[in-house]
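# Overview (structure and organization)
Now for the letters of each chain:
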Amino acid sequence: MEQAAGCHAVGGSYPQKNAEILSSQYGINLFLAGLLLTFAWAVHAVGISKSHLLSYLITLMLIQLLWMLWYLCRSCTQRRLIRDKDTHAGARWLKCGITLFAVITLILDSFKIGYYIDFSNCLSPTEGIFPVTHAVHTILQVYFLWCHAKDVIQSFKTLERFGVIHSVFTNLLLWTNGVLTESKHQLNEHKERLITLGFGNITIVLDDHAPQCNCTTTTLCSIFSQGIYYLYPFNIEYHILASTMLYVLWKNIGRKVEHHQQNKTPFKFHGITVGMIFGLIVLTSTIAIVVVYLIQIGGSKIKSELALTMFYLHAIFVLALMCTAGIVALLIYRLEDRNLDNSKNPARKLDAELLVGTAAGSWLLSWGSILAIICAQGHPKYTWYNLPYSVLVIIEKYIQNLFIIESIHREQEKVNDDIKTLRIVAISRGSTLSLTPLYKEIYNGRAACDSGDIPCLFKGSICGRENDGAGVAKEETSQDNSLVMHSASDFSLSSRNSVTNNKRRILKNIAAFLFLCNLSLWIPPAFGCRPEYDNGLEEIVFGFEPWIIVVNLAMPFSIFYRMHSAASLFEVNCKT
């Protein structure tokens, strides 16, 4: 019987493993075909236009819309059934974040629709259909993720695997399209700035995809065309967050979930005032630096050099603070003795892999800058600040990754740190007997003292007068001894709790500070403040086109790393 059951289990898992492999290969091929179309459009390949790329993306979005509608309808008909849920997936703060990005993405789609209307005489109809389809896709997808991100699918598993993986790679292709469009815009601005820095030996050829006709209303066209590129960073973050949430859903298909209570971890501002104040100072100063940088860069050679110097000095100071905070947090962890949670958790595993994987993007850029500084024959003064900046970027990500990954793997304390005392009142001879055993001791079914005089309190009875004379004296003596022992125990416990609470407070402030610092460091590259473009030294050493290719490939991962780190640090703050 056992052997038959084992064979049945193996036979049942075999087709599901095949479905997982087949669906992943389907998704990869879907992505590669779209990636090739995107690349062909970017390099102006013969016979490939933007309408071909948009048609492909519209088709993928429509297929995903059909699948989501089918899934929502089927879930509605089976709403009375008890479904397994992955409590670690689709946290509420993550859903709120993706909703915020989705709202800004809808504004971006409305700008694209307005842009199409103004240039409708010379634009393909697909450029008008795409933002409409994308807006519908965004609304339904956010609703789907709010309602079903935690689902552990146990029926129609093969079909659902293909539907979910299709959604994952559709979002990745939309992310790629957004990254490429935004990068081409940044590259055109970068080419124009290089002349002001004195790099006249670099050939300037603008990559223009602008419509070949006049706008019907010039003012609106200018607002739409400029506004679109300021909104792209939010659209990019929206799609990458959606793809990660959908990937966790895909990994959870057919998974056996351990049914245990997941502690809620609400975010509280209490106790993180210091970290928030320093973090907000960094955030405010970063916004000011970005504004000044974008105004000064490209104005003249002196202004551009001052803007680069200002950026590097500010970034060096912030990164040094972040390194110090991360080292302090790791030292606190070394002083604590707490086990790591090694249970199977797709969401947590993906978080750790994304942190290390996306950090590689900025590490690549930093090593490129270090090599350029070492190998270059001439060094403008501002380029020397790039050396400590690049080294600190490598070290800071190394320390921060270690802190975040250890934090999300640490087991939460089973007993609240603000350990309370339970007072059991027993009426004996008209007096009140107050004892204070710990919650943990009561839970384990034993009193705080081992004297043997108190256990009857925990058996649901009240110890009354059993004897007179010597018995009363013995009871009073036992009571006095118990109170002395509990006073000493409470004092020791209070001391330990004070140390633990101080450590927690420091860790929460560090997490809050790093959270705001990562948001601050996300802003400059997301909104066009990219010294890797404007420095100029790397283009001379590696060549203009090779370095630009490296930057365009690595920068999206570097930008995503900061937002993903901020999200992970928010979770760390809630759990600490």
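Since the model is a prediction, treat every value here as computed from it, not as a measurement.

### Describing the overall build of the protein chain
In terms of helices and strands, the protein chain carries 15 helices and 2 strands. Taking all 576 residues of the protein chain together, 48% fall into the buried category. Partitioning the contacts of the protein chain with sequence separation of at least 6, the portion at a separation of at least 24 is 86%. Of the accessible surface of the protein chain, which amounts to about 29300 Å², a share of 64% is contributed by carbon and sulfur atoms.

### Overview of the pattern of salt bridges
Inspection of the entire model under this criterion finds 5 salt bridges. One salt bridge in this structure joins Glu 20 and Lys 251, with 3.8 Å as the shortest N-O distance. Residue Glu 20 is located in helix H1 (residues 2-42), and its partner Lys 251 is located in helix H6 (residues 218-251); the two are separated by 231 residues in the primary sequence. Across the pair Arg 562 and Glu 396 runs a salt bridge whose closest N-O atoms are separated by 3.0 Å. Highlighted residues: Arg 562 in helix H15 (residues 544-575) and Glu 396 in helix H10 (residues 386-409), separated in sequence by 166 residues.

### Side note on the side chain of His 166
By secondary structure assignment, the location of His 166 is in helix H5 (residues 157-194). Residue His 166 is classed as buried on the basis of its relative accessible area, which comes to 4%. The residues contacting His 166, other than those within four sequence positions of it, are Tyr 26, Leu 30, Leu 60, Ile 63 and Gln 64.

### What to know about the packing of helix H3 (residues 92-118) against H6
To characterise two packed helices, one gives the angle between the axes of the helices and the distance between these axes. Their axes nearest at 7 Å, the elements H3 and H6 cross at an angle of 145 degrees. Helix-helix and strand crossings are classified by hand; for H3 and H6 the assignment is left-handed. Taken together, the residues that form the contact of H3 with H6 break down as 21 nonpolar, 5 polar and 4 charged.

### Quick word on the packing of aromatic side chains
Pairs of aromatic rings are described using the distance from one ring centre to the other and the angle between the two planes. Under the counting rule described, the total for this entry stands at 20 aromatic pairs. When the ring of Tyr 333 is compared with that of Phe 403, the centres are 5.8 Å apart and the planes differ by 25 degrees; the resulting orientation is stacked. Placement of the pair is Tyr 333 in helix H8 (residues 301-335) and Phe 403 in helix H10, with a sequence separation of 70 residues. In this pair, the class of Tyr 333 matches that of Phe 403, namely buried. Cluster of aromatic residues (ring-pair linked, three or more members): Phe 101, Phe 234, Trp 522 and Phe 527.

### Quick notes on the environment of Ile 405
Relative to the helices and strands, Ile 405 is located in helix H10. A residue is classified by how much of its surface remains accessible, and Ile 405, at 24% relative accessible area, is partly exposed. Here the alpha-carbon distance between Ile 405 and Arg 348, two residues 57 residues apart in the chain, equals 8.7 Å. Setting aside its immediate chain neighbours within four residues, Ile 405 contacts Ala 352, Leu 355 and Val 356.

### Examining the side chain of Thr 138
Its location among the elements puts Thr 138 in helix H4 (residues 126-148). Residue classification places Thr 138 among the buried positions, given a relative accessible area of 1%. Apart from the residues within four sequence positions on either side, Thr 138 is in contact with Ala 102, Thr 105, Leu 106, Asp 109 and Tyr 238.

### Let's talk about the environment of Tyr 389
Assignment of secondary structure puts Tyr 389 in helix H10. Once the C-alpha coordinates of Tyr 389 and Ser 366 are considered, the two residues, 23 residues apart in sequence, prove to be 8.3 Å apart. If near-sequence neighbours (up to four positions away) are discounted, Tyr 389 is found in contact with Phe 311, Tyr 312, Ala 315, Ile 316, Leu 319 and Glu 532.

### Re the packing of H10 against H15
It is at 10 Å that the axes of H10 and H15 come closest, and there the two elements cross at 40 degrees. In this view, H10 runs oblique relative to H15, as classed from their interaxial angle. Crossing of H10 against H15: the hand is left-handed. Only Tyr 561, Arg 562, Ser 565, Ser 568, Leu 569, Val 572 and Lys 575 of H15 make contact with H10, whose side of the interface consists of Glu 396, Lys 397, Gln 400, Asn 401, Phe 403, Ile 404, Ser 407 and Ile 408. Among the residues forming the contact of H10 with H15, the class breakdown is 6 nonpolar, 5 polar and 4 charged.

### Looking at the nonpolar core
Core analysis: the largest hydrophobic core is formed by 124 residues, its most contacted members being Phe 144, Phe 311, Met 322, Tyr 389, Phe 403, Leu 514 and Trp 522. A per-element tally of this core places H6 first, with 16 residues. Counting the residues that make up this core, at least three belong to each of domain 1 (15-256) and domain 2 (269-412 + 500-575). Not counting the four nearest positions on each side in its chain, Phe 144 is found in contact with Trp 67, Met 68, Tyr 71, Leu 72, Ala 149, Leu 246 and Leu 249.

### Topic: H15
The end-to-end C-alpha distance of H15 is 46 Å, a good match for the 46 Å that 32 residues give at a rise of 1.5 Å each. A bend of about 30 degrees at Ala 554 is the largest found in H15, and the proline Pro 556 appears one to four places after it. Buried residues dominate H15, accounting for 23 of its 32 residues.

### Some details on the confidence of the model for the protein chain
Mean pLDDT over the protein chain works out to 77, with 73% of the residues at or above the 70 mark. Looking over the protein chain, one finds the lowest element-wise mean pLDDT in strand E1 (residues 424-428), namely 39, and the highest in H4, namely 93. Low confidence marks residues 1-12, where pLDDT is under 50. Its contacts with residues over four positions away, or in another chain, come to 0 contacts. Under a pLDDT of 50 for its full length, residues 415-470 has, in the predicted model, 68 contacts with residues more than four places off or in other chains.

### Here we look at the environment of Ser 183
As for its position among the elements, Ser 183 is in helix H5. According to the relative accessible area criterion, Ser 183 is buried, its value standing at 7%. With 345 residues separating them along the chain, Ser 183 and Gly 528 place their C-alpha atoms 9.3 Å apart. Setting aside residues no more than four positions away along its own chain, Ser 183 makes contact with Tyr 533 and Asn 552.

Rules and cut-offs
- Residues numbered from 1 in each chain as written.
- Predicted model: local features only at pLDDT ≥ 70, side-chain atom pairs only at ≥ 80, totals over all residues.
- Heavy atoms only, no water.
- Helix = DSSP H or I, 4+ residues; strand = E, 2+ residues; numbered from the N terminus.
- Buried < 20%, exposed > 50% of the residue type's maximum accessible area, 1.4 Å probe, protein only.
- Contact = heavy atoms within 4.5 Å.
- Areas by Shrake-Rupley, 256 points an atom, 1.4 Å probe, with all protein chains shown as cover.
- Salt bridge = Lys/Arg side-chain N within 4 Å of Asp/Glu carboxyl O.
- Axes fitted to C-alpha atoms, helices over the stretch in contact; angles between N-to-C directions.
- Left-handed = near helix turned anticlockwise from the far one by under 90°.
- Nonpolar A, V, L, I, M, F, W, Y, C, P; charged D, E, K, R; others polar.
- Phe/Tyr/Trp six-rings, centres within 6.5 Å; stacked < 30°, edge-to-face > 60°.
- Parallel < 35°, antiparallel > 145°, perpendicular 65-115°, else oblique.
- Core = buried A, V, L, I, M, F, W, Y, C linked by side-chain atoms within 4.5 Å.
- Domains from an automatic or database assignment.
- Expected span 1.5 Å × (residues − 1).
- Bend = angle between axes of the 7 residues up to and from the residue.
- pLDDT = per-residue confidence, 0-100.

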